[in-house]
There are 2 protein chains.
Amino acid sequence: MCQLLGMNCNVPTDIVFSFTGFAHRGGRTDTHRDGWGIAFFEGAGVRHFVDHEAAIHSPIAELIKRYPIKSTNVIAHIRKATQGQVALENCHPFVRELWGRYWVFAHNGDLKEFAPALTGPFRPVGNTDSELAFCYLLQELRARFPDGAPPLPALRAAVAELAQRIARHGTFNMMLSDGTALFAHCSTKLCYIVRQHPFAHAHLADEDLSVDFSTVTTPRDRVAIIVTEPLTKNEQWTDFAPGELKVFVDGAPLPAGA
Amino acid sequence: MCQLLGMNCNVPTDIVFSFTGFAHRGGRTDTHRDGWGIAFFEGAGVRHFVDHEAAIHSPIAELIKRYPIKSTNVIAHIRKATQGQVALENCHPFVRELWGRYWVFAHNGDLKEFAPALTGPFRPVGNTDSELAFCYLLQELRARFPDGAPPLPALRAAVAELAQRIARHGTFNMMLSDGTALFAHCSTKLCYIVRQHPFAHAHLADEDLSVDFSTVTTPRDRVAIIVTEPLTKNEQWTDFAPGELKVFVDGAPLPAGA
């Protein structure tokens, strides 16, 4: 199974600590050797890094661990190929533009008998079920809101309904962001934590590395980390319910009815 | 004025030597300090790096100079902001998907009174005339060839006509690639060289660095480098004519009538 990592914050924050633990799952503490990728929003712009080398051997992953890129929305993915060969065009996250915004998407799971009609402008470049699901999702959003991005509650309802529809074909744990909100849908396995004042000490599960967040944050900072499996051993992670979509804005999940 | 660099080859080749000289123009030997970017095709996939730091100070540019990414089509850009503020979403090259392929685009120049109607799916994320021209170009290509990519001669004729139309609004030196061919249009300033057997020694104009290509190539290799200003002092670069579009495939320009 692939692994997903997302971060959503109220102020631009670097993901060095969480990414360091996560990257170890790409070939060291886990068997995800079929490429990896990460996308950082900076304002409306995106920095997008993909590599078909295992994250543990990738010079680009090494750069990201050393170069603290600050972002309010990040999505990362480590791949264990189930559909589509190991190739750069099959590495998540994928990026497309809709309504004059970039959209970033990553998926963990496997979709069966999933062959939606692609009648809109979005076509897969590679041959994964994941990129196909992303193209379909954007096509349907564009069809429902042809004049531009709707208000967040309407967008949330549409993403939730489309995610449910896609999830009928298999496992559809996914993360999606346009740089202002991070949508996370859980089929089988996803959890999150919100780190905020008073910040505590965290110790990575995958590497012997600790950080005292109180020394690198201000009392206003709030950071949500969403991940396939908990990254730390000494913090309390909250599991998603199967079928649940959460929307993270400014470092926290929106209430269910919002 | 911004600077453009393109590479088109018949076998995947690294661009370390040419990029090293080119990156020096981003803040050292020239005044292009408003960001830079580079995109490498690897098969159908793209590695896309952008940074709003000057190329000379960018840790990502440093990585690229050290990590020999091999590619058959590369487009790089160093920005001197004329329209649009210094922001990540305004850094070239831009990437979009059309017909199930990624397209990479970079532009040097300034367009005046250029406000085409955007009725298709491509919308600018940033606020440069360049990204607007790219969206317009893809919109018009999609409208002419709604069923998918046409054969290269038809595509070439369409790109040439659209580039001329855009160039009526100002300077439109640009590079465009889908990973199989590299289109380069010259309004005012562009030159190229084809390096092939027997390979010779080259000496960078912007840094005291030489390379003997015969030691790092095979007799079959052929590499076209296209750039705003010659990168080397001891090689013969060929200027584009104003208004000329050249299409590079397998490391050489196609004949004018092809």
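Per an unreviewed UniProt entry, the recorded name for chain A is Class II glutamine amidotransferase, and the organism is Massilia agilis.

A. Quick peek at the pairing of strand E8 (residues 182-185) of chain A. All names here are of chain A. Neither face of E8 is left uncovered, since the one carrying Leu182 and Ala184 and the one carrying Phe183 and His185 both have all their residues buried. In terms of strand pairing, strand E7 (residues 173-177) meets E8 through 4 bridges, oriented antiparallel. If you follow Met175 over to E8, its bridge partner there is Ala184. The turn joining E7 and E8, which pair antiparallel and follow one another in sequence, is formed by 4 residues; a positive phi near 95° is taken by Gly179. Pairing of E8 with strand E14 (residues 245-249) involves 4 bridges; the strand directions are antiparallel. The partner of Leu182 across the bridge, within E14, is Phe248.

B. Examining the interface of chain A and chain B more closely. Across the contact, 32 residues belong to chain A and 32 residues belong to chain B. Where chain A packs against chain B, one counts 4 salt bridges. A salt bridge links B:Glu97 to A:Arg96; the shortest N-O distance between them is 3.1 Å. There are 14 residue pairs in polar contact (both at pLDDT 80 or more) connecting chain A and chain B. Elements supplying a minimum of two residues to the side of chain A that touches chain B: strand E3 (45-51), helix H2 (59-66), strand E5 (94-98), strand E6 (101-108) and helix H3 (129-144) of chain A. When the residues that make up the side of chain A that touches chain B are grouped by side-chain class, the tally is 16 nonpolar, 5 polar and 11 charged.

C. The sheet that holds strand E6 (residues 101-108) of chain B, seen in detail. All names here are of chain B. Spatial ordering of the open sheet is given by E5-E6-E7-E8-E14-E15, a layout of 6 strands whose pairing is antiparallel. Of all strands in the sheet, those with a lone pairing partner are strand E5 (94-98) and strand E15 (252-253), marking the two edges. Running over the sheet, helix H3 (residues 129-144) touches E5, E6 and strand E7 (173-177) and is turned about 15° from E5. With respect to the sheet, helix H4 (residues 152-167) is in contact with E6, E7, strand E8 (182-185) and strand E14 (245-249), its orientation differing from that of E8 by roughly 30°.

D. Fine view of the pattern of salt bridges. Counted under the stated rule, the structure contains 22 salt bridges over all chains. A:Arg144 is the partner of A:Glu161 in a salt bridge, and the nearest nitrogen-oxygen pair spans 2.7 Å. In this pair, A:Glu161 is assigned in helix H4 (residues 152-167) and A:Arg144 in helix H3, connecting sequence segments 17 residues apart. Look at A:Glu161 and you get partly exposed, because its relative accessible area is 33%. Among the salt bridges present, the one from A:Lys246 reaches A:Glu244, with a minimum N-O distance of 3.0 Å. On the accessibility criterion, A:Lys246 (15% relative accessible area) is buried. For A:Glu244, a relative accessible area of 23% translates into the label partly exposed. Connected via shared salt-bridge partners are A:Glu42, A:Arg47 and B:Asp51.

Cut-offs applied
Residues numbered from 1 in each chain as written. Chains lettered and ligands numbered in written order. Predicted model: local features only at pLDDT ≥ 70, side-chain atom pairs only at ≥ 80, totals over all residues. Heavy atoms only, no water. Buried < 20%, exposed > 50% of the residue type's maximum accessible area, 1.4 Å probe, protein only. Helix = DSSP H or I, 4+ residues; strand = E, 2+ residues; numbered from the N terminus. Pairing = 2+ DSSP bridges. Contact = heavy atoms within 4.5 Å. Salt bridge = Lys/Arg side-chain N within 4 Å of Asp/Glu carboxyl O. Polar contact = N/O pair within 3.5 Å; in protein donor to acceptor, adjacent residues only side chain to side chain. Nonpolar A, V, L, I, M, F, W, Y, C, P; charged D, E, K, R; others polar. Axes fitted to C-alpha atoms, helices over the stretch in contact; angles between N-to-C directions.

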